[in-house]
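# Secondary and tertiary structure notes
Chain by chain, the residues:
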Amino acid sequence: MTKLQHKEGRCAGCGVQLQSEAKEKPGYIPASSLEKEIVVCQRCFRIKNYNEASSVAIDQDDFLRLLGGIAATDSLVVHIVDLFDFEGSIISGLQRFVGSNPVLLVVNKIDLLPRGTNYNRLRNWVQKQAKAAGLRTLDVVLCSAKRNIGFERVIEALAQHRGQRDVYVVGATNVGKSTLINRLIRDYSDLERELTTSRYPGTTLDAVHIPLDDGHDIIDTPGIVYTHRMTELVPRSVLQALLPEKEIKPLVYQLNAGQTLFIGALARFDFIEGERQSFTFYISSGMPVHRTKLERADELYADHKGELLAPPNREQLAELPEWTRHRLTVRRGDEVDVFISGLGWIHVNGQTGALIDVHAPKGVRVLLRDALI
Ligand code: GDP
């Protein structure tokens, strides 16, 4: 740990500029604690006192600076992505930013998929999607940090690929990075050696070093905030409804063209053209789905958003961007997902083809992808 000294509003632990406005940003400290003689940010406090890493978030520019700093080191980069929001949480072009350092892809939250999921097929899917996103990976590991599934494989892969290198763990916010780090601390950390902080190369940000049993450290990084994810646009109370807690129960809807489904008040799915067919929704059980006729959809939304159609409630909706429309064409024979970043996906079997409109808050990433399941 760096020397304990409170200087010019900086954390005595890691030196980050202190602030009391945003809990999830680096340097946060409750205003009431600022009066103390020696002040450490909340993140350092938790590390020192509870041996616990917590999430902090930074914007894209700071994150790219951080990755640039990693490029100048000899490291293994562990990139955590969220299987529930794969295209939303993958850091495309990561390889370019971290230079010649190898990237190990850890895919978290596999507990959300139905039991009996074919993991070999899933790994192939992940590899293909990662490649399409411009990410070259050394290896892919599937796990659930929360339910402790596949963790030995994470440890094995670290041991196998790290050599004598440092390990940097990078990811977007809400992918489960702190859950994973805390599991590493609990189960695989050398508790004789304390967690420490240092500077990320080339930045003013603090890095948390976690000593592992094998004598090496791994280094946690702040999460990047991607505004193309629904999860980053909504307030905390809505986030809880949006993030599935346990295995997703798919909802199957048989629809005729001219029917609309609302997902809370966060998105709208219009089946515009095509033969009667089924659409399977993989979303959190906290998000109610409401069916109506396409011709009534505008009126229903105008009259009932934030009430019958919720969450979010009316007040929270006022803080969100207006919806934009995405027109998607599923061709006959294409088995695909309509992916809405942070909200989930809708499986279309492609037996007959379909024309679909998705309405979602402006900026949220909406796309068609090869079916995950
Ligand atoms: P961070 O922002 O990346 O550090 O993410 P957190 O560790 O704070 O986790 C974000 C959310 O995802 C929390 O609601 C966690 O409970 C949840 N989460 C983390 N890991 C898993 C997992 O393996 N499965 C499921 N279903 N949820 C998880």
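Structure: above.
Keep in mind that what you see is a predicted model, and the values were worked out from it rather than measured. (Residues numbered from 1 in each chain as written. Predicted model: local features only at pLDDT ≥ 70, side-chain atom pairs only at ≥ 80, totals over all residues. Heavy atoms only, no water.)

Time to look at the overall build of the protein. Looking only at helices and strands, one finds 11 helices and 19 strands in the protein. Against the compact-globule benchmark of 21 Å for 373 residues, the protein has a radius of gyration of 22 Å, which places it among compact chains. Taking the principal axes of its C-alpha atoms as reference, the protein extends roughly 65 × 45 × 30 Å. Across the 373 residues of the protein, 55% fall into the buried class. Summarising the internal contacts of the protein: among those between residues at least 6 apart in sequence, 70% fall at separations of at least 24. As presented, the protein carries roughly 16900 Å² of accessible surface, and 46% of it is formed by carbon and sulfur atoms. (Helix = DSSP H or I, 4+ residues; strand = E, 2+ residues; numbered from the N terminus. Rg over C-alpha atoms; globule rule 2.2 N^0.38 Å. Buried < 20%, exposed > 50% of the residue type's maximum accessible area, 1.4 Å probe, protein only. Contact = heavy atoms within 4.5 Å. Areas by Shrake-Rupley, 256 points an atom, 1.4 Å probe, with all protein chains shown as cover.)

For the rest of this paragraph, the subject is the sheet that holds strand β5 (residues 166-171). Taken in spatial order, the seven strands of this open sheet run β4-β3-β2-β5-β8-β7-β6, and their pairing is mixed. The sheet is open, and its two edges are formed by β4 (139-142) and β6 (196-199), each paired on a single side. Adjacent strand axes in the sheet meet at a mean angle of 30 degrees, parallel and antiparallel pairs treated alike. Examined bridge by bridge, strand β2 (residues 75-82) and β5 share six bridges and lie parallel to one another. (Pairing = 2+ DSSP bridges. Axes fitted to C-alpha atoms, helices over the stretch in contact; angles between N-to-C directions.)

To continue, consider the nonpolar core. In terms of nonpolar packing, the biggest core is built from 66 residues, with Leu94, Val106, Val107 and Val126 touching the most fellow members. Per-domain counts for this core show at least three residues from each of domain 1 (56-226) and domain 2 (239-370). If sequence neighbours within four positions are ignored, Val126 has contacts with Phe86, Leu105, Val107, Val140 and Leu142. Val234, Ala267, Ile346 and Val358 belong to the second largest nonpolar core, which has 41 residues in total. (Core = buried A, V, L, I, M, F, W, Y, C linked by side-chain atoms within 4.5 Å. Domains from an automatic or database assignment.)

We now examine the packing of aromatic side chains. This model, assessed by the stated rule, comprises 11 aromatic pairs. With a centroid separation of 5.5 Å and 70 degrees between ring planes, the pair formed by Phe269 and Phe281 is classed as edge-to-face. Placement of the pair is Phe269 in strand β12 (residues 267-273) and Phe281 in strand β13 (residues 277-283), with a sequence separation of 12 residues. For the pair formed by Phe269 and Phe281, the shared burial category is buried. (Phe/Tyr/Trp six-rings, centres within 6.5 Å; stacked < 30°, edge-to-face > 60°.)

Function-wise, these values are silent; they only describe arrangement.
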